[in-house]
Amino acid sequence: MTEPLLRVRDLKTYFVTEQGSGTARAVDGVSFDVRPGETLGIVGESGCGKTVTSLSILRLIPEPPGHIRPGSFIEFEGRNILTLEPKELRAVRGNQIAMIFQEPMTSLNPVFTVGDQIAEAAIVHQHLSRAAARRRAIEMLQLVGIPDPEERVDHYPHQMSGGMRQRVMIAMALVCHPKLLIADEPTTALDVTIQAQILELLERLQAELGMAVMLITHDLGVVAGTADRVVVMYAGQVVEQAPTVELFAHPVHPYTEGLLAAVPRLDAPSLSLRTGGRGRLHSIPGQVPAATAWPDGCRFHPRCPYAWDRCRAEEPPLLDASQGDAGTHTARCWLVTEPQRRTRRP
Amino acid sequence: MIAWVVRRVAASVAIIWAVVTLTFFVIHAARGSPFLPEQSQSVSPETLDRLRRQFGLDRSLPEQYVLYLRNLARGELGESFVLRRPVADALADAMPHTFFLALAALLIDFTAGLALGIYQAVRERSVGDVVLGNVALFVNSMPTFWLGLVLLLGFAQWLHWFPTGGPSDPVLCPRVDSLPCLLDFFWHLTLPALTLGLVGAAGTARFQRAAMLEVIRQEYVRTARAKGLREGRVLLVHALRNALLPFITLVGLAFPFLLTGAVLVETVYSWPGMGLLAVRAILQRDYYVVTGAALVTSAMVVLGSLMADLLYAVADPRIRVRGA
């Protein structure tokens, strides 16, 4: 197996809460790998720590109130990002690892032209002249499929639609040909048709530029179409990780199971016309607990249909649930050791 | 765009006219006259009558007003009773003094205010932020004339670091025509400019801190960091450019503040600018100097706000597009 591009080990990012009511353990011991050229999907509900994880990788967590705990380890191409000097860190940001965000409306600076914003990283990292950087910006706009790039390069963000702005964000992120692109909910704020276009664009660019993509989303549908492997997060932890096909076919963790059952499907019997549309969409009961007070034992047990005594008392580690190669499929659930307890479908 | 400019200019003229009219009637309504009998007991009633006739004060007030406007339209501001010279000349002598005072104060106000505000926002809730915030609040709460008197007492009276007043040394430098005299002018300018500038800077800092705090939490600032830019560039280019938009409003508002402040500061420091001229003219009922000063002052304020609007259009592309 190839050496991973990015190795995250036992990442803990905590926040001191405003009222001093305690520490929010937003990310609490997360580990995963991203291999060169692959697409890793990170899935979970709002508040599960997906975004904090992605921001931690580039050390973009505002400090205070946030801080990455000692003992955490984020290795990119053999170097621990958490111990880099500011100058070395800047050389990684936007150059080796780039990031696009959820809100293309607010993630672009309103007072600079999109051309200037795209060109900036090329000037800083590749020391291009202004003219060369401008030409590069036009090329990038062309690459991400914006019509009339020569004209658009001088436009301001407010003159563009949401989908176009996200294309600009992508152009900006990819201008230095990074090895890893972190895409944090890149399609959430967009219309469904535009979502599909942006995902296609990301896939095409990934194939062309050969970069790895870390795709963060709450939408399993997005992951199904694009990711090679999936990491499912819940309550600041990784609860399951597996190759995409495997995860969809054989989900082990009850939370993953619940997420999959909650995806609306036109062919699902519960919603089909044959049953008169009386079926209801499945939802996971309860809600994500507060990050200041994760439940004892397994963090999912208050919402789990199978939970028994052990789940309430003892926190499960990531257990190997692989059917093929060992370690390809892991789940943080005692069901791995006692599969007979899975008595009914939720 | 052209329609907008025409509208703005028309409004500006209307405002200036309103100010002049108001000042004209208010100063005439004030008790007393330029030639008070009790002030000039030695002057015979015949002489007084002659003087009144000479300056047109024997006519009815509406008549005088129409006459004044007619002269104004021809570019004549009238004659000062007290100074015995054209009002325009007196104003022309005073204006550069106020201009340099306001300019120096503005420089102190904006550089110190911006720098402090940015520093405080970046170091939010640190000891430095809290201490500076309280000092700024204290200075901002001080009346200009009082701060002027305190500085005058401390730095001029006790420490002798700066002169107590006036624009230049009356013996060595009656005119600013050589380098030593220019330095002498700046030396004289320091305390009045500091007085006016510090009070402004304290307000500007509070304002700029808030604006900057608002902006550094924006997502595009995070985007800028994610690009691998230096923190200085993130803050001073990506954040500050946005945080300066509300500041421009302050630039427009600074003009009236500086000009009213100048009246007090010029009086404290005997600085022969528009403010001192206007105060003396008011006390002596020197009607045309008062209205002339009001005219020039209101024109400057109107110009200031016009400038702020244009600056907005330059700084914020979103406004530019809507206005075009």
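Heads up: these notes are all about the structure in this document.

Each value, and the rule that gives it
Residues numbered from 1 in each chain as written. Chains lettered and ligands numbered in written order. Predicted model: local features only at pLDDT ≥ 70, side-chain atom pairs only at ≥ 80, totals over all residues. Helix = DSSP H or I, 4+ residues; strand = E, 2+ residues; numbered from the N terminus. Rg over C-alpha atoms; globule rule 2.2 N^0.38 Å. Contact = placed C-beta atoms within 7 Å. Pairing = 2+ DSSP bridges. Buried ≥ 20, exposed ≤ 12 C-beta atoms within 10 Å, placed from the backbone. Axes fitted to C-alpha atoms, helices over the stretch in contact; angles between N-to-C directions. Parallel < 35°, antiparallel > 145°, perpendicular 65-115°, else oblique. Left-handed = near helix turned anticlockwise from the far one by under 90°. Core = buried A, V, L, I, M, F, W, Y, C linked by C-beta atoms within 7 Å.

So, the overall build of chain A
For step 1, the next point in the chain: Looking only at helices and strands, chain A has 12 helices and 13 strands in total.
For step 2, the next point in the chain: For chain A, the C-alpha radius of gyration of 21 Å lies close to 20 Å, the compact-globule estimate for 346 residues.
For step 3, the next point in the chain: On the principal axes, the C-alpha backbone points of chain A span a range of 65 × 55 × 45 Å.
For step 4, the next point in the chain: A separation of at least 24 residues holds for 62% of the contacts in chain A among residues at least 6 apart in sequence.

A short note on the sheet that holds strand β12 (residues 319-320) of chain A
Residues and elements named next belong to chain A.
For step 1, the next point in the chain: Pairing within the open sheet is mixed, and its 8 strands lie in the order β7-β8-β9-β3-β10-β11-β13-β12. Both edges of this open sheet fall to β7 (97-100) and β12, since each of them pairs with a single strand only.
For step 2, the next point in the chain: Of the strand pairs in this sheet, strand β11 (residues 237-243) and strand β13 (residues 330-331) are connected by 2 bridges, and their pairing is antiparallel. By the bridge assignment for β13, Gln241 is matched with Thr330.

A short note on unusual backbone geometry
Residue and element names in this part refer to chain A.
For step 1, the next point in the chain: Even without glycine at this site, Asp10 takes up a positive phi of about 50°.
For step 2, the next point in the chain: Relative to the helices and strands, Asp10 resides in strand β1 (residues 6-16).
For step 3, the next point in the chain: With a phi angle near 50°, His177 is a residue other than glycine that sits in the positive phi range.
For step 4, the next point in the chain: Looking at the element boundaries, His177 is found in the loop between α7 (162-174) and β8 (180-184).

Re helix α10 (residues 274-283) of chain B
For step 1, the next point in the chain: Regarding α10(B), the residues found buried are B:Met274, B:Gly275, B:Leu276, B:Leu277, B:Ala278 and B:Ala281.
For step 2, the next point in the chain: Positive backbone phi, at 55°, marks B:Arg285, one or two positions downstream of α10(B).

Remarks on the environment of B:Phe257
For step 1, the next point in the chain: Residue position: B:Phe257 is located in helix α9 (residues 231-268).
For step 2, the next point in the chain: Spatially, the C-alpha atoms of B:Phe257 and B:Ser60 are 35 Å apart, while their sequence positions differ by 197 residues.

Structural notes on the pairing of β11(A)
Residues and elements named next belong to chain A.
For step 1, the next point in the chain: Within β11, 6 of the 7 residues are buried, leaving the element largely enclosed by the surrounding structure.
For step 2, the next point in the chain: Relative to β11, strand β10 (residues 229-234) runs antiparallel, the two being bridged by 6 bridges. In the strand pairing of β11, Val232 is matched with Glu240.
For step 3, the next point in the chain: Linkage of β10 to β11, two consecutive antiparallel strands, is achieved through a turn of 2 residues, within which Ala235 is found at a positive phi near 50°.

Examining the interface of chain B and chain A
You'll often see interface size given as the accessible area lost when the parts meet.
For step 1, the next point in the chain: Listed as interface residues are 19 residues of chain B and, on the opposing side, 23 residues of chain A.
For step 2, the next point in the chain: Only α8 (219-226), α9 and α12 (317-323) of chain B provide two or more residues apiece to the side of chain B that touches chain A.
For step 3, the next point in the chain: When residues of the side of chain B that touches chain A are assigned to their parent elements, the largest contribution, 7 residues, is made by α8(B).

A short note on the environment of B:Gly304
Residues and elements named next belong to chain B.
For step 1, the next point in the chain: Summarising the element assignment, Gly304 is placed in helix α11 (residues 287-315).
For step 2, the next point in the chain: On the neighbour-count criterion, Gly304 (20 C-beta atoms within 10 Å) is buried.
For step 3, the next point in the chain: Separated by 51 residues in sequence, Gly304 and Leu253 place their C-alpha atoms 7.8 Å apart.
For step 4, the next point in the chain: If near-sequence neighbours (up to four positions away) are discounted, Gly304 is found in contact with Gly252 and Phe255.

Describing the packing of helix α6 (residues 144-158) of chain B against helix α7 (residues 179-216) of chain B
Residues and elements named next belong to chain B.
For step 1, the next point in the chain: Packing of α6 against α7 leaves a shortest axis separation of 9 Å and a crossing angle of 135°. One element, α6, and the other, α7, form an angle in the oblique class. Classified by chirality, the crossing of α7 by α6 is right-handed. Together, Thr144, Leu147, Gly148, Leu151, Leu152, Phe155 and Ala156 of α6 and Leu191, Leu194, Thr195, Leu196, Leu198 and Val199 of α7 make up the contact between the two elements.

Details of the packing of helix α4 (residues 87-122) of chain B against α11(B)
All names here are of chain B.
For step 1, the next point in the chain: For the pair α4 and α11, the least separation of the axes is 10 Å and the interaxial angle reads 50°. Compared by their axis directions, α4 and α11 come out oblique. Crossing angle aside, the handedness with which α4 passes α11 is right-handed. Two secondary-structure elements touch here, α4 through Val87, Ala90, Leu91 and Met95 and α11 through Tyr288, Val289, Gly292, Ala293 and Val296.

Description of the nonpolar core
For step 1, the next point in the chain: One finds A:Ala171, A:Leu180, A:Met214, B:Leu258 and B:Ala293 to be the most contacted residues of the largest nonpolar core, which totals 171 residues.
For step 2, the next point in the chain: Among the elements that take part in this core, α9(B) stands out by supplying 17 residues, more than any other.
For step 3, the next point in the chain: Once residues lying within four places of it in the same chain are set aside, the contact partners of A:Leu180 are A:Leu5, A:Leu6, A:Val34, A:Gln96, A:Ile97, A:Met211, A:Ala212 and A:Met214.

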